[in-house]
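In case you want the letters, here they are:
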Amino acid sequence: MLRRGVSSGSKKKVIIPTETYSISSAQQDAPPDTEQLENELFGDIEQHFVKTSTKPSDEPLFVIDRGSKRPVWSDDEEQECEISLGEKKITKKLRTGEQDTITGKQLEDKLRSQFKKIHGTPAWTTRDKTSQSSILASTGQMTQPSRFLPSGKLSVTRCKNLNSRKSAKCVVKVLQFHPGATIGFVAGYTKSLDLFEVDGENNKHLHRHHFVNFPIDCAKFTADGNEVILGSKRPHFFTFDLHKCTAIKMAGIRNRPEIHYKNFELSKDGEYLGFQGHEGLFSVFSAKDKQLVKCINHRTRINCSSFLTDNIVLTAGQGGFCSLWDMRTWKTISDFQDEGALHITSVDHSSRHIAIGSDSGVVNLYQKDDIYKSSSKPLRAIMNLTTEIDNTVFNSSGELLAISSKDLKHSLRLFNTNSLQCVPNWPTSNTPLAHVTSLHFSPNSGYIGVGNTKGKALLYRLTHFHSF
């Protein structure tokens, strides 16, 4: 048996530590193999028993700085690192002259300058902050409660037409607002895409791009807002780059005439692009590289579709049949028939509801969770229109549903999903809607855009919603 400080043939006095825990000098006389074995079994004993000084230090553990505000985090390496502005499209616009590489600090200054150039400096940041009530008052309606849309009347104000500075001479097929900037576009059978700045007063025309022999039936901003995808009856489609202001023709799939490019839907995560083809064919493309991913077959002809989640798509069409597809397995999750519908012509969804419009003018509103049942029953049947439904569009919060039909003049209604009633005071008989062909809400529902057969893109301000 091994003992500490004991050599063969003799015993040594055991040394008891007094004030400081240190190793006795007798341990230094231990054979090297014995000390090595103890260290392997028990670790380095000295590092556990050496007593550190308990004398209080005059240096404080931390200091609370109550002076002027400073950045919470500052990284010198981040400030000095070199960044190439030409690697990504979003940073190319920050280049000045031939300079392509800048430091992190310079990039931060450029981004701050760009933000102030676009949004300006809020007035409340330059005012005296001694009075909190004056700051709250300066925010105006933003301090008033507007969490839920009230039932009953809705305040609507007409603004200058979105395309008043570049009016169209034929039907407006598509009107849409940008998901992150105060701009919108108008497109149609003029074969042109017109971009406008949306402010409700001037609506400055920003850019027009003409597509030769390409009447536009469908167009949408991508999820990141960098592109516009445009479809037509032609065997190809286009993408328009908003940064370069250039269009790229995307050739259709060879030897696949059944794939049409007239109507399509984009998934909200920006991953998929779905074209409604011939005789029930639904073609899913990658929204990034525009390559075909998969083709699925609906039981009947497809008239409309909608990506409900990142992995589930709804297809609907003739016979009132609806199918839910799981894009991970490309198999149907559920099939159901829209109640009372002969042919489904329009569909849209919010976080809580799904609206399905038919050729009879009826729009059925479903709870989103109920459609996974084969015997789905609508929450409410909206029967305010009598001709074929062309548009069903929810606002961003899902509290408003806009429905329209182009077959009759002034056929547009706003439906409140909280009260399950149509808005009674708008539109009126004097609202100059004409035959409505397109609808869209701005990202925060501050505006609703209405396109018609006269080539006008009507713009209305919904004052309940405070921002664009």
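All values derive from a computational prediction rather than experimental measurement.

Chemist: Explain the overall build of the chain residue by residue, including any values.
Modeler: When helices and strands are tallied, the chain shows six helices and 30 strands. Taking the contacts inside the chain whose residues are at least 6 apart along the sequence as the reference set, 44% of them involve residues at least 24 apart. Accessible surface, the chain: about 27500 Å² in total, of which carbon and sulfur atoms supply 50%.

Chemist: So what's going on with the confidence of the model for the chain? Residues and values would help.
Modeler: It should be kept in mind that the predicted coordinates are not to be read in detail where pLDDT is low. Scored by pLDDT, the chain comes out at a mean of 82, with 77% of its residues at no less than 70. The low-confidence segment residues 1–28, where pLDDT is below 50, has 16 contacts with residues more than four positions distant or belonging to other chains. Confidence drops under pLDDT 50 across residues 60–66; counting only partners more than four residues distant or on other chains, this segment forms one contact.

Chemist: Break down empty space enclosed by the protein for me, citing the residues and quoting the values.
Modeler: Across all of its chains, the model carries one cavity of 30 Å³ or more by this definition. Of the pockets and cavities examined, the largest cavity occupies roughly 40 Å³. What lines the largest cavity is Ala 168, Val 171, Val 172, Val 186, Ala 187, Gly 188, Thr 190, Ser 192 and Asp 194. Mapped by element, the contributors of at least two residues to the lining of the largest cavity are β5 (183–188) and β6 (192–197). Per element, the largest residue contribution to the lining of the largest cavity is three residues, and it comes from β5. A per-class count over the lining of the largest cavity returns five nonpolar, three polar and one charged.

Chemist: Give me the sheet that holds strand β15 (residues 292–297): which residues, what numbers.
Modeler: Spatially, β12-β13-β14-β15 is the arrangement adopted by the four strands of the open sheet, whose pairing is antiparallel. Each edge of the open sheet carries a strand with a single partner, namely β12 (264–266) and β15. Each strand of the sheet is rotated relative to its neighbour by a mean of 20°, with strand direction disregarded. Taken together, the five bridges between strand β14 (residues 281–286) and β15 define a ladder with antiparallel strand orientation. Bridge pairing in β15 links Leu 281 to Asn 297.

Chemist: Just give me the short version of the pairing of strand β16 (residues 302–307), but keep the residues and values in it.
Modeler: Among the six residues in β16, five count as buried, and that is most of the element. Examined bridge by bridge, β16 and strand β17 (residues 312–317) share five bridges and lie antiparallel to one another. Paired with Ile 302 across the strands is Gly 317, a residue of β17. Where β16 hands over to β17, the hairpin turn is made up of four residues, counted between the paired strands.

Chemist: Can you lay out the nonpolar core for me, pointing to particular residues and giving the numbers?
Modeler: Counting 19 residues, the largest nonpolar core has Leu 400, Leu 414, Phe 441, Ile 448 and Val 450 as its most contacted members. Taken together, the elements giving at least two residues each to this core come down to β25 (400–404), β26 (412–416), β28 (436–441), β29 (447–452) and β30 (457–462). Sequence-distant contacts of Leu 414, defined by excluding residues within four places in its chain, comprise Leu 154, Leu 400, Leu 401, Ala 402, Gln 421, Cys 422, Val 423, Trp 426, Phe 441 and Ile 448.

Chemist: Any chance you could break down the sheet that holds strand β18 (residues 321–326) for me, citing the residues and the numbers?
Modeler: Ordered in space as β16-β17-β18-β19, the four strands form an open sheet in which the pairing is antiparallel. Of all strands in the sheet, those bounded by a partner on one side alone are β16 and β19 (331–337). Taken pair by pair, the neighbouring strands of this sheet meet at an average axis angle of 20°, ignoring direction.

Chemist: Account for unusual backbone geometry, with residues named and values stated.
Modeler: Note that the residue after Trp 426, namely Pro 427, is joined by a cis bond; omega there is 0°. Phi is positive for Lys 191, close to 65°, though the residue is something other than glycine. Structurally, the position occupied by Lys 191 is in the loop between β5 and β6. A relative accessible area of 28% means that Lys 191 is categorised as partly exposed.

Chemist: Give a description of the environment of Arg 380 that names residues and reports values.
Modeler: You can see Arg 380 is positioned in strand β23 (residues 380–382). Of the residues examined, Arg 380 reaches a relative accessible area of 31% and is grouped as partly exposed. Residues Arg 380 and Leu 365, spaced 15 residues apart in sequence, show a C-alpha to C-alpha distance of 5.2 Å. Not counting chain neighbours up to four residues away, the residues in contact with Arg 380 comprise Val 363, Asn 364, Leu 365, Phe 415, Leu 420 and Gln 421. A distance of 2.8 Å separates a polar side-chain atom of Arg 380 from the backbone oxygen of Leu 420.

Chemist: Describe in detail the pairing of β19, supporting the description with residues and values.
Modeler: Put simply, side chains in a regular strand alternate between the two faces of the sheet. Here β18 runs beside β19; their pairing, made up of six bridges, is antiparallel. Bridged to Phe 321 within β19 is Gln 337. Taking the residues that link successive antiparallel strands as the turn, the β18-β19 hairpin has four residues, and the phi of Trp 330 there is positive, at about 60°.

Chemist: Explain the pattern of salt bridges residue by residue, including any values.
Modeler: Applying the stated criterion across every chain, the model contains eleven salt bridges. Asp 370 serves as the salt-bridge partner of Lys 373, at 3.7 Å between the closest nitrogen and oxygen. Residue classification places Lys 373 among the partly exposed positions, given a relative accessible area of 48%.

Chemist: So what's going on with the side chain of Gln 276? Which residues, and what values?
Modeler: Mapped onto the secondary structure, Gln 276 falls in strand β13 (residues 272–276). Within the structure, the side chain of Gln 276 is placed 2.9 Å from the side chain of Ser 305, a separation counted as a polar contact. Sequence-distant contacts of Gln 276, defined by excluding residues within four places in its chain, comprise His 260, Asn 263, Glu 265, Leu 281, Phe 282, Ile 302, Asn 303, Cys 304 and Ser 305.

Chemist: Describe the side chain of Ser 358, with residues and values.
Modeler: Relative to the elements of secondary structure, Ser 358 occurs in strand β21 (residues 353–358). By relative accessible area, which is 1% here, Ser 358 ends up buried. For Ser 358, the side chain forms a polar contact with the side chain of Ser 360, separated by 2.9 Å.

Conventions we followed
- Sequence order sets the numbering: in each chain, residues are counted from 1 along the sequence as written.
- At least 70 in pLDDT is required for a residue's local features to be given in this predicted model, at least 80 for side-chain atom pairs to be given and counted, and no such filter applies to totals for whole chains, interfaces and linings, which use all residues.
- The basis for every side-chain value is the complete set of non-hydrogen atoms in the structure, without hydrogens or water.
- The helix and strand labels rest on DSSP assignments: H or I over at least four residues marks a helix, E over at least two residues marks a strand, and numbering proceeds from the N terminus.
- We call two residues in contact when some of their heavy atoms are within 4.5 Å.
- Exposure was quantified through the Shrake-Rupley algorithm and a 1.4 Å probe, taking into account, for residues, occlusion by the shown protein chains and nothing else.
- Confidence of the predictor in every single residue is expressed as pLDDT, which spans 0 to 100.
- Using a grid of 1 Å spacing that covers the protein atoms alone, one calls a set of points a cavity when a 1.4 Å probe fits there but cannot get out, and a pocket when the set is open and has protein on both sides within 12 Å along at least five of seven lines; lining residues are those with an atom within 4 Å of a point.
- Grid points are joined across faces, edges and corners, and a volume is the space filled by probe spheres set on the points.
- The nonpolar class holds Ala, Val, Leu, Ile, Met, Phe, Trp, Tyr, Cys and Pro. Asp, Glu, Lys and Arg form the charged class, and all remaining residues, Gly among them, are polar.
- Two strands qualify as a pair provided that DSSP identifies no fewer than 2 bridges between them.
- Angular values range over 0 to 180 degrees, each being the angle between N-to-C directions of two axes fitted as lines to C-alpha atoms, with helices fitted over their stretch in contact.
- Three exposure classes are used, based on accessible area relative to the maximum for each residue type with a 1.4 Å probe and protein chains only: buried under 20%, partly exposed in between, and exposed over 50%.
- Residues belong to a common nonpolar core when they are buried Ala, Val, Leu, Ile, Met, Phe, Trp, Tyr or Cys residues joined through side-chain atoms within 4.5 Å.
- N or O atoms within 3.5 Å of each other form a polar contact, as long as, within protein, one can give a hydrogen and the other can take it, and as long as residues adjacent in sequence are counted only when both atoms are side-chain atoms.
- Salt bridge, as applied in this entry: a Lys or Arg side-chain nitrogen positioned within 4 Å of an Asp or Glu carboxyl oxygen.

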